[in-house]
Amino acid sequence: MMAMLPYGRQSVTDADVEAVSAVLRSDWLTTGPQVDAFEADLAEVTGGVGVATVSNGTAALHVAYAAAGVGPGDEVIVPPMTFVATASSAAALGATIVFADVDEETFCLDPAAAADAMTSRTKVVSAVDYAGHPADYDALRKSTEGSDALLLADAAHSIGGTYHGRPVGSLADLTTFSFFPTKNLTTAEGGGVAALDPEILRRARRFRGVGMVRERDDLRRPDEGGWFYEVPEFGLNYRLPDVLCALGRSQLRRLGEFVARRAALVARYNEALADLDGVLLPVQQPWAEPAWHLYPIRVLDGRRREIYDAMRAAGIGVQVNYIPVHWHPVFADLGYRRGSCPVAESFYAQQLSLPLYPSLRDADQDRVIDVLTAALRGHRARPTAA
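Residues numbered from 1 in each chain as written. Predicted model: local features only at pLDDT ≥ 70, side-chain atom pairs only at ≥ 80, totals over all residues. Heavy atoms only, no water.

(A) Representation of the sheet that holds strand S12 (residues 295-299). The strand order S10-S12-S13 describes an open sheet built from 3 strands, whose pairing is antiparallel. Where the open sheet ends on each side, the last strands, each with one partner, are strand S10 (279-280) and strand S13 (351-354). Here 4 bridges tie S12 to S13, and the two strands are oriented antiparallel to one another. Pairing of Arg 298 across the sheet is with Gln 351, part of S13. (Pairing = 2+ DSSP bridges. Helix = DSSP H or I, 4+ residues; strand = E, 2+ residues; numbered from the N terminus.)

As structure tokens, this is what we get:
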């Protein structure tokens, strides 16, 4: 039986393994020199914006919201076409989530919908770079004018991408990254928080380190001794260890290659599927250079479930990204209702992610195309050699 072709997977080389092995043979496994070095490397990708590394992408969101001062009584605007963590990590801090619909072409947060959702209690507007395509950050900035709300970019999909020539990581007050294996680079589990304001970055680093303070100028009792530390505000242990930062540094050296290969695969999909009836292909705006994490097609005429099942049965590991966040029982039980974000909900009913990752071979991509074409035309694709 032919192995299931995944929708995404990591690309790990001998150089990555050696980078990890070198740290395992060193004196540092947890917080050591590789943490600072990885953060410095990431700042080069963000155009000089400082980055705090954390233990995963959900932690990055939690840390970013905490650093922004999100708490009870605040509102956070979130698009529903995202993984639940974009909303749940703010809700965990006591915020009220306000869902705003997505753009009809990119399925990122719609700036007009965000503007309509703004109130005097809005603390953060969270955009999501869906599938690796940056949101329209200049328009989103305008939606926050006249308020103190911060703009957050959930860039779990988009590190290495650009918007009007500016790098992801520099486009919003706060940017969060995920380094999960299917993302554009991996540390196994890991994430990062970039912040334009050095004070917010300092708060992020403090929160990810259990809230501990050791700097003499920040201590209330500075003369206790060299061992002394204080916790002026609660934080959590969200540190990313040295061994994983070493993997991230090695991966980051190939980020340009990863982004270029994903773009080439997207171009091959676009060409092969351009005239295929029954599907719509993803849109790229002229002002964006996406770091494609997903290749999201839309299956028309109510056939998404049928095509999903047929492709899975044929060994193609297609996926659906995502279930609208406000549909999850935890939000439904709080009174959020279906129908409130019709663009996102209509997109969900059609969305299907085709396999996309740097090591995907052209022959395997051709197999995906053949199986999809056969399924849409209502017959089995002929088996191909592995």
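Don't stop here, the text continues.
(B) Structural context of empty space enclosed by the protein. On inspection of all chains with the given rule, the structure shows 2 cavities of 30 Å³ or more. Approximately 110 Å³ is the volume found for the largest cavity. In terms of lining residues, the largest cavity is bounded by 14 residues, among which Glu 105, Phe 107, Pro 282, Val 283 and Pro 296 are the most central. Residues of the lining of the largest cavity, tallied by class, amount to 10 nonpolar, 2 polar and 2 charged. The space that makes up the second largest cavity amounts to roughly 60 Å³. Its residues assigned to classes, the lining of the second largest cavity comprises 4 nonpolar, 5 polar and 3 charged. (1 Å grid on protein atoms, 1.4 Å probe; cavity = no way out; pocket = protein on both sides within 12 Å on 5 of 7 lines; lining within 4 Å. Points joined across faces, edges and corners; volume = space filled by probe spheres on them. Nonpolar A, V, L, I, M, F, W, Y, C, P; charged D, E, K, R; others polar.)

(C) The sheet that holds strand S6 (residues 162-163), seen in detail. Read from one edge of the open sheet, 3 strands run S7-S6-S11, paired in antiparallel fashion. If you trace the sheet from one side to the other, it starts and ends with strand S7 (166-167) and strand S11 (288-289), each paired once. Across 2 bridges, S6 lies against S11 in antiparallel orientation. Paired with Thr 162 across the two strands is Glu 289, which belongs to S11.

(D) Structural detail: the pattern of salt bridges. Per the stated rule, a full pass over the model turns up 19 salt bridges. Notably, a salt bridge pairs Asp 16 with Arg 254, separated by 2.5 Å at the nearest N-O pair. Note that Asp 16 is positioned in helix H1 (residues 14-24) and Arg 254 in the loop between helix H8 (242-252) and helix H9 (255-273), a separation of 238 residues in sequence. Taken individually, Asp 16 and Arg 254 each receive the classification buried, so the pair is uniform in this respect. Between Arg 208 and Glu 39 there is a salt bridge, with the nearest N and O atoms lying 3.1 Å from each other. Of the two residues, Arg 208 sits in helix H7 (residues 198-208) while Glu 39 sits in helix H2 (residues 33-45), which places them 169 residues apart along the sequence. (Salt bridge = Lys/Arg side-chain N within 4 Å of Asp/Glu carboxyl O. Buried < 20%, exposed > 50% of the residue type's maximum accessible area, 1.4 Å probe, protein only.)

(E) Focus on the packing of aromatic side chains. Counted according to the given criterion, the structure contains 13 aromatic pairs. When the ring of Phe 99 is compared with that of Phe 331, the centres are 5.4 Å apart and the planes differ by 85°; the resulting orientation is edge-to-face. Of this pair, Phe 99 sits in strand S3 (residues 96-99) while Phe 331 sits in helix H11 (residues 329-332); the two residues are 232 residues apart in sequence, bridging distant segments of the chain. A relative accessible area of 13% places Phe 99 in the buried class. Judged by relative accessible area, which is 3%, Phe 331 ranks as buried. (Phe/Tyr/Trp six-rings, centres within 6.5 Å; stacked < 30°, edge-to-face > 60°.)

(F) Broad picture of the packing of H2 against H8. Between H2 and H8, the shortest axis-to-axis distance is 8 Å and the interhelical angle comes to 30°. Comparing the axis directions of H2 and H8 gives the class roughly parallel. For the element pair H2 and H8, the recorded crossing hand is left-handed. From H2, Pro 33, Gln 34, Val 35, Ala 37, Phe 38, Asp 41, Leu 42 and Val 45 reach across to H8, where they touch Asp 242, Cys 245, Ala 246, Gly 248, Arg 249 and Leu 252. Residues of the contact of H2 with H8, tallied by class, amount to 9 nonpolar, 2 polar and 3 charged. (Axes fitted to C-alpha atoms, helices over the stretch in contact; angles between N-to-C directions. Parallel < 35°, antiparallel > 145°, perpendicular 65-115°, else oblique. Left-handed = near helix turned anticlockwise from the far one by under 90°. Contact = heavy atoms within 4.5 Å.)

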